Amino acid sequence: MDVLAISGSLRAASINSALLRACARLAPAGMRVQLYEGLGALPPFNPDREPAPPREVQSLHAAVAAADVLLIASPEYAHGVSGTMKNALDWLVGFEPFYGKPVAVPNASPRAQHAHAALCETLRTMSARLVDGACIALPLLGAGLDEQGMVDSPAVSGRIRELLAALRDGVSQAAVVPFTPVP
């Protein structure tokens, strides 16, 4: 199973990016988690450019199309989804291989409930399939853990392994129903 991990933060010390890198290191056999590194290079969304998207958007599209599953972690800014994440999602709204794609949305900060709920609602509206058990809150904010600390912490690494197992099981137990636009 190929999992594309997308962080909604561009910060070098992002807890969301660290969580996704820890997921990659703790992935079970048969699951490959790859962090998408091109979010900051995406141009601002412009629907006029969708028919012939820029190279950076084509790269995002190719990565999403090649992935079996998406793993999205994003911070909350002013009770909303980060602009970086929203821009990436806007570029995916009309991208057909995204429809019905299984998605896990771990939340690195239980205090960030507004953005997490908004992100999940946006993904549902875009016809993503949120995987039960893989959209969980992990109390990482303020824990002082970096990627290595998450991997080394029995409590945190155990929760990450549970999230990844739920993702694997949720995808393998349910057939993905592709989105069919209404004429």
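Calculation rules
Residues numbered from 1 in each chain as written. Predicted model: local features only at pLDDT ≥ 70, side-chain atom pairs only at ≥ 80, totals over all residues. Heavy atoms only, no water. Pairing = 2+ DSSP bridges. Helix = DSSP H or I, 4+ residues; strand = E, 2+ residues; numbered from the N terminus. Core = buried A, V, L, I, M, F, W, Y, C linked by side-chain atoms within 4.5 Å. Buried < 20%, exposed > 50% of the residue type's maximum accessible area, 1.4 Å probe, protein only. Axes fitted to C-alpha atoms, helices over the stretch in contact; angles between N-to-C directions. Parallel < 35°, antiparallel > 145°, perpendicular 65-115°, else oblique. Contact = heavy atoms within 4.5 Å. Nonpolar A, V, L, I, M, F, W, Y, C, P; charged D, E, K, R; others polar. Phe/Tyr/Trp six-rings, centres within 6.5 Å; stacked < 30°, edge-to-face > 60°. Expected span 1.5 Å × (residues − 1). Arc of directions from axis to C-beta.

Q: Account for the sheet that holds strand β7 (residues 129-130), with residues named and values stated.
A: Note: strands within a sheet are paired through backbone hydrogen bonds, in either parallel or antiparallel orientation. Pairing within the open sheet is parallel, and its five strands lie in the order β2-β1-β3-β6-β7. Whereas interior strands pair on both sides, the edge strands pair on one side only; in this sheet they are β2 (32-35) and β7. Note that strand β3 (residues 69-73) and strand β6 (residues 102-104) share two bridges and pair parallel. Looking across to β6, one finds that L70 is bridged to V103.

Q: Give a description of the nonpolar core that names residues and reports values.
A: With 31 residues, the main nonpolar core has L19, L71, L140, M150, I160, L164 and L167 as its most contacted residues. Elements represented by at least two residues in this core include exactly β1 (2-7), α1 (15-26), β2, β3, α5 (147-152) and α6 (154-173). Top element by residues in this core is α1. It accounts for seven residues. Membership of the second largest hydrophobic core comes to 26 residues, among which are Y36, L42, F95 and L130.

Q: Quick rundown of the packing of helix α2 (residues 55-66) against helix α3 (residues 83-92)? Include the residues and the values.
A: Contact pair α2 / α3: the axes reach a minimum separation of 10 Å and the direction vectors enclose 75 degrees. The orientation of α2 relative to α3 falls into the category roughly perpendicular. Of the residues in α3, those touching α2 at V57, L60, H61 and V64 are A88, W91 and L92. Grouping the amino acids of the contact of α2 with α3 by side-chain chemistry returns six nonpolar, one polar and no charged.

Q: An account of the packing of aromatic side chains is needed here, citing residue identities and associated values.
A: Going through the model one piece at a time under the given rule, you end up with one aromatic pair. Taking 5.0 Å as the distance between ring centres and 80 degrees as the angle between the ring planes, the aromatic pair formed by F45 and W91 counts as edge-to-face. Of this pair, F45 sits in the loop between β2 and α2 while W91 is found in helix α3, placing the two residues 46 residues apart along the sequence. On the accessibility criterion, F45 (27% relative accessible area) is partly exposed. Look at W91 and you get buried, because its relative accessible area is 1%.

Q: I'd like a description of helix α4 (residues 113-125), backed by residues and values.
A: In this model, α4 (13 residues) spans 18 Å end to end at C-alpha, consistent with the 18 Å of a helix rising 1.5 Å per residue. All of the buried residues in α4 are A115, H116, L119, C120 and L123. With its buried residues spanning 135 degrees around the axis, α4 presents them on a single face. Along α4, exposed side chains directed more than 90 degrees from the buried face belong to Q113 and T125. Those residues of α4 hidden inside the fold are in contact with β3, β4 (76-77), β5 (80-81), α3, β6 and β7.

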